[in-house]
Each structure stands twice: as structure tokens, then as C-alpha cells.
Amino acid sequence: MRKLVLALVILGLFGLAPCKLRAQATISTGGIVGTVTDPSDAVVPNAKVEIANAATGHVINVVTTSAGTYSAGGLAPGDYTATIRARGFEAAVLKLTVQIGVISNGDIKLKIGVPTTTVTVEAGAVQINTSQATVQNSITRNEISELPVNGRNFLDLAALQPGVQIQDGGGFDPTKNGFSSVSFAGRFGRTARIEVDGVDISDETVGTTTQNIPQSAIQEFQVEQSSLDPSTELTSSGAVNVSTRMGTNRFHGDGFFAGRWHNVDARQG
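What you are looking at is a predicted structure, and each value in this text was computed from that prediction instead of being measured. (Residues numbered from 1 in each chain as written. Predicted model: local features only at pLDDT ≥ 70, side-chain atom pairs only at ≥ 80, totals over all residues. Heavy atoms only, no water.)

Here we take up the overall build of the protein chain. For the protein chain, the helix and strand inventory stands at two helices and 16 strands. The buried share of the protein chain, reckoned over its 269 residues, is 38%. Pairs at least 24 residues apart make up 64% of the contacts formed inside the protein chain by residues separated by at least 6 positions. Counting every atom, the protein chain has about 15,900 Å² of accessible surface; 55% of that belongs to carbon and sulfur. (Helix = DSSP H or I, 4+ residues; strand = E, 2+ residues; numbered from the N terminus. Buried < 20%, exposed > 50% of the residue type's maximum accessible area, 1.4 Å probe, protein only. Contact = heavy atoms within 4.5 Å. Areas by Shrake-Rupley, 256 points an atom, 1.4 Å probe, with all protein chains shown as cover.)

Okay, the side chain of S202 next. On the secondary structure map, S202 appears in the loop between β14 (199–200) and β15 (218–226). For S202, the side chain forms a polar contact with the main-chain nitrogen of I194, separated by 2.8 Å. Sequence-distant contacts of S202, that is, excluding residues within four places in its chain, are made with A192, R193, I194, T208, T209 and T210. (Polar contact = N/O pair within 3.5 Å; in protein donor to acceptor, adjacent residues only side chain to side chain.)

This part takes up the pattern of salt bridges. Within this structure, the stated rule accounts for two salt bridges. A salt bridge links D41 to K109; the nearest nitrogen and oxygen atoms lie 2.7 Å apart. With D41 in the loop between β1 (30–37) and β2 (48–53) and K109 in strand β8 (residues 108–109), this residue pair connects regions lying 68 residues apart in the sequence. Classification of K109 by relative accessible area gives partly exposed; the value is 45%. (Salt bridge = Lys/Arg side-chain N within 4 Å of Asp/Glu carboxyl O.)

A few words now on the pairing of strand β16 (residues 239–244). Most of β16 is tucked away: five of the six residues are buried. Of the strand pairs in this sheet, strand β13 (residues 193–196) and β16 are connected by four bridges, and their pairing is parallel. Among the inter-strand pairings, R193 is bridged to a residue of β16, identified as A239. (Pairing = 2+ DSSP bridges.)

In C-alpha cells, the structure reads:
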């Protein structure tokens, strides 16, 4: 009996002890995971990492573990700087981009020196994602602004990815005229999962979306086609994850004009 009570007490203590969680990317946010090492590739524990959003100035402070790792999840898509400081090393500033639904690589190697010296490192534009076993791609804000989309239907952005086609909702049901859905690898578009800022806007009965959003309101647009994680809920065909724009420390706005002239249309007959 005493052994049983002792075992329960030990389990309770473990349950109360804080645990280190790996950064997670959700359907509306991203994350950063990295390892801090020295010139000999040995890990650097207890290094202070300051992660700042370049657009809003929001700062998150974390400390590397005994294995030299750090993580930050639930980050809004955008540009970030990670400043790493450790005793006996020069401070390092890593500039990287966080994308919707993606874990960004924040590995950094420190140089021996005084902490008052700062070294800036640019993260590579193309990196292999070794943290997530999914087939996915994200379309950034700059691409959304520059790419021509006929009719300003936000789902048309999904057609930029291979194996993806847009289906007219009117083919599903007459009540869905003007709405669209997405077909992944030839699969019927009724089962596509479409989410905006973590909210499911899929029509569970007929298919397509339950609402349209303006293209200018989109910050990032992600398409997942294979090995979907649980965040995409009840689908195995594919998912579209949209993150809308948020306020920043700088005043900004958009304007557009859409027109179609008869002199550039195809002649009838």
C-alpha cells in the first residue's frame, strides 16, 4: 500500500512539473524552432533568445534548453528577427520569415567574443522543411498583390499549385452559384477543407465555402495536399488555410480598380 501511495505521489509531482513543448504551427499561425551551437558544434544551453515581429514590434523571450534548443509557436505570418545572446559569445541576429502553417528553421552558430558585438545572419530563402511531413506551399503577401486573379476570387490562388483545380459551386448545387471549391489531384471538391484565421468556412452539406473574402485582405495563403495534420480536421483530400492581414506600426491601405472593356474582349460570331 505504501508503495502504491509513493508511486501516486511521484506521478503527481511529474504532472505538476513544467514541460518543454515543441513549437507548433496551426492553421492560422507559424512557428520557429532552432538549435544554438558554438564554433565546435557543441550546443549552447541557457542562451537568451529574443524573437521580435518586424511589423508590430511584438517581442517573445525564450531560453535555450540543456540541449541548446528553443522554440516559439503561434506566431503570426511575417518577418521576424531572433536575437541570441550567451555569455562568452558575440550576439547574433537571425532574420527569417514565418509562414502560415510552417515551422521555420532558426538554427544559429555563435562566435566566441564579447556580447556587445553583434553579427547579423540572413536565413536562406529556400530551405528543406525537416519538421513537418506534409506536402504544402504558401503564397506570400507580395505574390498575392502582384499575381493577376480573374474575378478576384481568393480561391483562384490555389490553382497556382500543381495538381489543383478550381470547381464551380454551381455544379454542386444551384444555391452555390458564385462560390467555388478546390479539387486536389482529381478528387471531388466537396471534401476540401477551407479555413480562414482558424475558422472553418466550408459548407459541410453541399461543399464549397460559406463566404467569400476580398483578395486584398489576405496575408498568406497555404495549400496542403498530402499527409495532413489534425489541424485540418475532417478531410483527407486537401486543405486551404488563409491568414488575413493585421495591423502594424505603420499606416497602410489598399485600393484597386477592376474594369473590363469591350474592345479587348473576343468577338462574338
